[in-house]
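Residue-level listing of the chains:
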Amino acid sequence: MANNQEIPQEKGLDHTIALLREGYDFIHKRKDKYNSRVFQTRILGEKANCLIGEKEAELFYDNSKFSRENAAPSRIQKTLFGQGGVQGLDGDEHHHRKALFMSVMTRAMLDEIKELTEVEWNRAITRNQTDELIVYNEAKHVLTNVAMRWVGIPKQGTEDEWVDELSDLFEDASAVGPKHWKARASRTKIEEWLQQLVLDVRSGKLLIDQDRPLYQFSYHRDLNNQLLAPEIVAVELLNLLRPIVAISVYVDFTVLALAQFPQKVDILRQGDEGDDKQLQYFIQEVRRFYPFFPFTVARVRNDFDWNGYKFEQGTLTLLDLYGTNHDPDIWEQPEQFRPERFENWNGSPFNFIPQGGGEFDIGHRCAGEWLTIDILKVTLNYFVNKISFEFPEQDFTYSMNDIPSLPESKVIIKNIRKK
Ligand code: HEM
């Protein structure tokens, strides 16, 4: 291809409304329209490159070409991510902070969160046996308890308050108007409270185990050997608490998959503990198939040429996560739910990217991906092998432009019994 070719451009002043309307389909529809995996549009008043596909993901995760500083829109930072957290860091500073997150993802810590998840599901189901239960709502309670115990946060206030406030941060992250302001208020309230906990840990007023993330994060030192400001520790603690509760979205889709693809369930019924490989394939397919994070964002670090296209310094760039997971060049019959496809998956860090791609340590790949898979495997095994239930008549449809998207009914189950 010739050098310095223009990236195909979508005409018009701004396409934010189309992005909101078309949601998860926005980028891959335009890939077909422009017959290009790289094109340019305009979002929130600025020029934005869009990328989709495996090679394009590899490009996006090249730290010498893209930076995260000021990439996420500020309204998303004020709700979903918080300000000053690992998502917006680059280079050595990012690597050092990310190592803190990965240091709490040891096998022992992951085993512990698996145990906590089963204990909490058991408690929830014991409470609800024979009744009707809305899986999404129950999952948020279960995972809030799991998150608080695992991170080391002492109980204060009611469980409902915690569930509501942590949920506000991801359910209404992209909302406008009152919901956005409610999410901001929830963040401010939780951050202030977490800051106080950090000060209490540091002063010795609150004694907690050294292996708890609350302790580890409170005493983490930056590259200048300084403790982090309590405001930053609070943001990073929320980077553990919030997404653990957000796994409820995947829990809901996992149980939805049991209803929608019953022919894929028998293979999961193998003894009390299930077959680990089959559980893993099913969960991977849930994360590939259903919509959650549509795309992730960065900015071009310096001008560069790639495949004949010129990328200009500072340009906002979106990598399509959902579209890459449904790319027919990567996935055979991507619109079919087939967990067995993962038997032959080549394990590339760039072709299966529901939680981002690339490396965990020097890249921005989701710090909680292993934890997410483990929690979902325990939950799937619990629903398939430890309880029985039925699906009443309900609306399983889900939209392709809500973020996060959820089945209309949030998945209701009834006649629940322990096996
Ligand atoms: C609920 C399921 C989850 C989804 C769909 C998800 C998705 C993502 C995505 C798309 C990214 C950005 C990747 C990028 O920009 O390249 C990310 C980053 C991150 N996630 Fe998750 N995540 C989930 C669960 C978790 C959990 C359970 C944790 C922690 C316990 C977590 C912690 C993080 C952190 C700290 C980052 C920032 C990493 C960095 O910037 O280096 N996530 N996640």
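Residues numbered from 1 in each chain as written. Predicted model: local features only at pLDDT ≥ 70, side-chain atom pairs only at ≥ 80, totals over all residues. Heavy atoms only, no water.

Draft legend 1. Local environment of the overall build of the protein chain. The secondary structure content of the protein chain amounts to 14 helices and 10 strands. Its C-alpha radius of gyration of 22 Å places the protein chain within 12% of the 22 Å reference for a compact globule of 419 residues. Dimensions of the protein chain along its principal axes, counting C-alpha atoms only, are 65 × 55 × 40 Å. In the protein chain, the proportion of contacts linking residues at least 24 apart, taken out of those at least 6 apart, comes to 73%. The centroid of the 51 positive side-chain charges in the protein chain is displaced by 1 Å from the centroid of its 65 negative side-chain charges. (Helix = DSSP H or I, 4+ residues; strand = E, 2+ residues; numbered from the N terminus. Rg over C-alpha atoms; globule rule 2.2 N^0.38 Å. Contact = heavy atoms within 4.5 Å. Lys, Arg positive; Asp, Glu negative; His and termini not counted. Charge placed at Lys NZ, Arg CZ, Asp CG, Glu CD.)

Draft legend 2. Here's a closer look at the sheet that holds strand β5 (residues 295–300). A sheet is described by the order of its strands in space; here 5 strands give the open sequence β1-β2-β8-β5-β3, paired in mixed fashion. The open sheet has two edge strands, β1 (38–43) and β3 (66–67), and neither has a second partner. Of the strand pairs in this sheet, strand β2 (residues 46–51) and strand β8 (residues 316–320) are connected by 4 bridges, and their pairing is parallel. Across the sheet, Ala 48 pairs through a bridge with Leu 316, a residue of β8. Across the sheet, helix α2 (residues 26–34) touches β1, β2 and β8, and the angle it forms with β1 is around 125°. (Pairing = 2+ DSSP bridges. Axes fitted to C-alpha atoms, helices over the stretch in contact; angles between N-to-C directions.)

Draft legend 3. Quick look at the coordination of the iron atom of the ligand. There is one protein donor for the iron atom of the ligand, and it is Cys 366 (SG), at 2.3 Å. For Cys 366, the position within the fold is in the loop between α13 (321–325) and α14 (369–386). (Donors = N, O, S within 2.8 Å, 3.2 Å for Na, K, Ca; no water.)

Draft legend 4. Layout of the site of the ligand. Neighbouring the ligand are 29 residues; Tyr 61, Arg 68, Thr 296, His 364 and Cys 366 lie closest to it. A distance of 2.5 Å separates an oxygen atom of the ligand from a polar atom in the side chain of Tyr 61. In the model, an oxygen atom of the ligand is placed 2.6 Å from a nitrogen or oxygen of the His 364 side chain. Put simply, the parts of the chain that give the shell around the ligand at least two residues each are α5 (91–103), α11 (230–260) and α14. The element that contributes the greatest number of residues to the shell around the ligand is α11, accounting for 7 residues. Counted by class, the shell around the ligand contains 16 nonpolar, 10 polar and 3 charged residues. (Near = heavy atom within 4 Å. Polar contact = N/O pair within 3.5 Å; in protein donor to acceptor, adjacent residues only side chain to side chain. Nonpolar A, V, L, I, M, F, W, Y, C, P; charged D, E, K, R; others polar.)

Draft legend 5. View of the UniProt feature "binding site: heme" (unreviewed entry) in the protein chain. Following the UniProt record, the feature "binding site: heme" (unreviewed entry) maps to Cys 366 here. What Cys 366 contacts, discounting residues up to four positions off in sequence, is Gln 355 and Phe 360. (UniProt positions renumbered as here; feature names shortened; annotations may be inferred.)

Draft legend 6. Just the pattern of salt bridges, in detail. Under the defined criterion, the tally for this structure stands at 32 salt bridges. The residue Lys 31 makes a salt bridge to Asp 32 at a minimum N-O spacing of 3.7 Å. One salt bridge connects Arg 149 with Glu 120, and the closest N-O pair in it is separated by 2.9 Å. Of the two residues, Arg 149 sits in helix α7 (residues 135–151) while Glu 120 sits in helix α6 (residues 107–128), which places them 29 residues apart along the sequence. Take Arg 149: its relative accessible area is 43%, and that puts it in the partly exposed class. What you see here is one network of salt bridges that share partners, running through Glu 10, Arg 21, Glu 22, Lys 29 and Arg 30. (Salt bridge = Lys/Arg side-chain N within 4 Å of Asp/Glu carboxyl O. Buried < 20%, exposed > 50% of the residue type's maximum accessible area, 1.4 Å probe, protein only.)

Draft legend 7. Structural context of the packing of α7 against α11. Between α7 and α11, whose axes approach to 8 Å, the crossing angle comes to 150°. As the angle between them shows, α7 and α11 are arranged roughly antiparallel. As for the relative orientation of α7 and α11, their crossing is right-handed in sense. Contacts from Val 135, Tyr 136, Ala 139, Lys 140, Leu 143, Thr 144, Ala 147, Met 148, Trp 150 and Val 151 of α7 reach α11 at Leu 237, Leu 240, Leu 241, Ile 244, Val 245, Ile 247, Ser 248, Val 249, Val 251, Asp 252 and Val 255. Split by residue class, the contact of α7 with α11 holds 17 nonpolar, 2 polar and 2 charged. (Parallel < 35°, antiparallel > 145°, perpendicular 65-115°, else oblique. Left-handed = near helix turned anticlockwise from the far one by under 90°.)

Draft legend 8. The arrangement of α14 in detail. In this model α14 runs 25 Å from its N-terminal to its C-terminal C-alpha over 18 residues, within 8% of the 26 Å that 1.5 Å per residue would give. Burial runs high along α14: 17 of the 18 residues are buried. (Expected span 1.5 Å × (residues − 1).)

Draft legend 9. Examining the packing of aromatic side chains more closely. A complete count under the given rule lists 32 aromatic pairs for this structure. Ring geometry for Phe 66 against Phe 311: centres 6.3 Å apart, planes inclined by 85°, an arrangement best described as edge-to-face. Taken together, the residues span a long stretch of sequence, with Phe 66 in strand β3 and Phe 311 in strand β7 (residues 309–311) at a distance of 245 residues. With respect to class, Phe 66 is no different from Phe 311; both count as buried. Taken together, the ring pairs connect Phe 253, Phe 261, Phe 282, Phe 289, Tyr 290, Phe 337 and Tyr 398 into an aromatic cluster. (Phe/Tyr/Trp six-rings, centres within 6.5 Å; stacked < 30°, edge-to-face > 60°.)

Draft legend 10. How the structure looks around the nonpolar core. Within the largest apolar cluster, 104 residues are counted, with the highest numbers of intra-cluster contacts made by Trp 150, Ile 153, Leu 194, Leu 258, Tyr 290, Leu 371 and Phe 383. Counting residues per element, this core draws most heavily on α11, at 19 residues. Those residues in contact with Ile 153 that lie beyond four places of it in its chain are Met 148, Trp 193, Leu 194, Leu 197, Leu 214 and Leu 241. If you look at the next biggest cluster of nonpolar residues, it comprises 18 residues, including Leu 51, Ala 57, Leu 319 and Phe 350. (Core = buried A, V, L, I, M, F, W, Y, C linked by side-chain atoms within 4.5 Å.)

Draft legend 11. Spotlight on the side chain of Thr 379. Checked against the element boundaries, Thr 379 lands in helix α14. Look at Thr 379 and you get buried, because its relative accessible area is 2%. The residues touching Thr 379, leaving out its near neighbours within four places in the chain, are Thr 117, Trp 121 and Val 251.

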